[in-house]
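Residues per chain are reported as follows:
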Amino acid sequence: MKGIFTALMCSFDEEGKINEKGLREMVRNNIDVQKVDGLYVNGSTGENFLISTEDKKRIFEIVKDEAGDDVTLIAQVGSLNIDEAVDLAKFTTDLKYDALSAVTPFYYKFDFDEIKDYYNTIMANVDNQMIVYSIPALTGVSMNLEQFGELFENEKIIGVKFTAPDFFLLERLRHAYPDKLLYSGFDEMLLSASVLNVDGAIGSTFNVNGVRARKIFELAQAGAVEEARAVQKETNDLIAAILDNGLYPTIKEILKHEGVDAGVCRKPMKPLTEAKKARAHDIAKKYL
Ligand code: NGF
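Residues numbered from 1 in each chain as written. Predicted model: local features only at pLDDT ≥ 70, side-chain atom pairs only at ≥ 80, totals over all residues. Heavy atoms only, no water.

**Quick notes on helix α3 (residues 82–94)**
Taking 1.5 Å of rise per residue, 13 residues should cover 18 Å, and α3 covers 18 Å from first to last C-alpha, within 8% of that figure. Of the positions making up α3, those classed as buried are E84, A85, V86, L88, A89, T92 and T93. In the core, the buried residues of α3 are packed alongside α2 (53–67), β3 (72–76), β4 (99–103) and α4 (112–124). Its side-chain oxygen at 2.9 Å from the backbone nitrogen of D83, N81 defines the N-terminal cap of α3. (Helix = DSSP H or I, 4+ residues; strand = E, 2+ residues; numbered from the N terminus. Expected span 1.5 Å × (residues − 1). Buried < 20%, exposed > 50% of the residue type's maximum accessible area, 1.4 Å probe, protein only. Contact = heavy atoms within 4.5 Å. Polar contact = N/O pair within 3.5 Å; in protein donor to acceptor, adjacent residues only side chain to side chain.)

Rendered as structure tokens:
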């Protein structure tokens, strides 16, 4: 369960339908070219919150079929509809996904007891392990050290995907829960998180920059911080350009530049203009 995990994208056609061939190519690209340790399926990067339950299941099936046992697979099953979350948790456990993850329930201002009940309900229904997906900037849900500790009391909850720039909390979590898995969620902060001894990282840009991400992680683990910093700098030049051009559509366009049939993003995300498409190809040429 440790190492570099790509937050997998899904290839959609112009009508928003799954492009199975493209999805399979994306899986293979991550395994064979980016050489990542695992895939995080149907997360934010997978446009999970824009797709139907049926499409989520189909994506889980295609990815498992293509990846087999080549890499570790984590299924993001979180949903505001707890019945859907449980259904997806059962479905992916049956498919032999190695672990589950669930975004903290958002939109309504759930209190912590409700959040805890959400995770415990999902896990009571399956024989699997759970990585909490914490991304306060998008969900508005922040948890403190003690609250993470309360979630971790459930032994099936084995870690957290920590997508936040709060390195004080990350260090406290590392110190307090040495046996739980901590994953860095912001690719541009991978070095800082790695120095704090996270167990791995899950990120969108690893779809195109997985090899550099591994270098950062492994150099930091080996104490070679100067060298790691140089690779993080190259990485951040790439990430800054991607963010400036539009995150997910630009990663897809870069994948196309690399020969991967990455398709387009689903509405309401808008397609890249011709100028931005050209810029994405320039980014690939300049920074990859
Ligand atoms: O895309 C976001 C939104 N965050 C991802 C990652 O944390 C999301 C991060 O890689 C993820 O893993 C998922 O698909 O669930 C960023 O895209 C990257 O650091 C650029 O900012 O915040």
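And the narrative resumes.
**Notes on unusual backbone geometry**
Geometrically, the link from K267 to P268 is a cis peptide bond, its omega value of 5° lying close to zero. Residue position: P268 is located in the loop between α11 (247–257) and α12 (274–287). Look at K96: it is not a glycine, yet its phi comes out positive at around 70°. Turning to its location among the elements, K96 is positioned in the loop between α3 and β4. Notably, N197 is not glycine yet its phi reads approximately 75°, a positive angle. The residue N197 is located in the loop between α8 (190–195) and β8 (200–203) in this model.

**Comments concerning the site of the ligand**
If you check the shell around the ligand, you find 20 residues, and the closest are T45, K161, E188, S204 and Y248. A distance of 3.4 Å is found between an oxygen atom of the ligand and a side-chain nitrogen or oxygen belonging to T163. Within the side chain of S204, an N or O atom sits 2.7 Å from an oxygen atom of the ligand. Of all the elements in the fold, those that place two or more residues in the shell around the ligand are β8 and α11. Grouping the constituent residues of the shell around the ligand by class yields ten nonpolar, seven polar and three charged. (Near = heavy atom within 4 Å. Nonpolar A, V, L, I, M, F, W, Y, C, P; charged D, E, K, R; others polar.)

**Quick word on the UniProt feature "binding site: pyruvate" (unreviewed entry) in the protein**
The sites that UniProt annotates as "binding site: pyruvate" (unreviewed entry) are T45 and I202. A maximum C-alpha distance of 10.5 Å places the annotated residues, which cover 158 residues in sequence, within one compact spot. Position of T45 among the secondary structure elements: in the loop between β2 (38–41) and α2. Overall, T45 belongs to the buried group, its relative accessible area being 6%. T45 has contacts with A7, L8, M9, S204, N207 and Y248, leaving out every residue within four places of it along the chain. Within the secondary structure, I202 sits in strand β8. Note on I202: relative accessible area 1%, which makes it buried. (UniProt positions renumbered as here; feature names shortened; annotations may be inferred.)

**Here we look at helix α10 (residues 225–245)**
Taking 1.5 Å of rise per residue, 21 residues should cover 30 Å, and α10 covers 30 Å from first to last C-alpha, within 8% of that figure. Along α10, the positions that sit buried rather than exposed are A228, V231, Q232, T235, L238, I239, A241, I242 and N245. Buried residues belonging to α10 abut α8, α9 (206–221), α11 and α12.

**Section: the pattern of salt bridges**
According to the stated counting rule, one finds 27 salt bridges in the structure shown. In this structure, E15 engages K17 in a salt bridge whose closest nitrogen and oxygen atoms are separated by 3.4 Å. Residue E15 is classed as exposed on the basis of its relative accessible area, which comes to 63%. Across the salt bridge formed by R28 and D32, the nearest N and O atoms sit 2.8 Å from each other. Note that R28 and D32 are positioned in helix α1 (residues 20–33) at a spacing of four residues, about one turn of the helix. Residue classification places D32 among the partly exposed residues on the basis of a relative accessible area of 39%. When salt bridges that share partners are traced, they join E20, R24, R28, D32, R58, E61, D65, E66 and D70 into one network. (Salt bridge = Lys/Arg side-chain N within 4 Å of Asp/Glu carboxyl O.)

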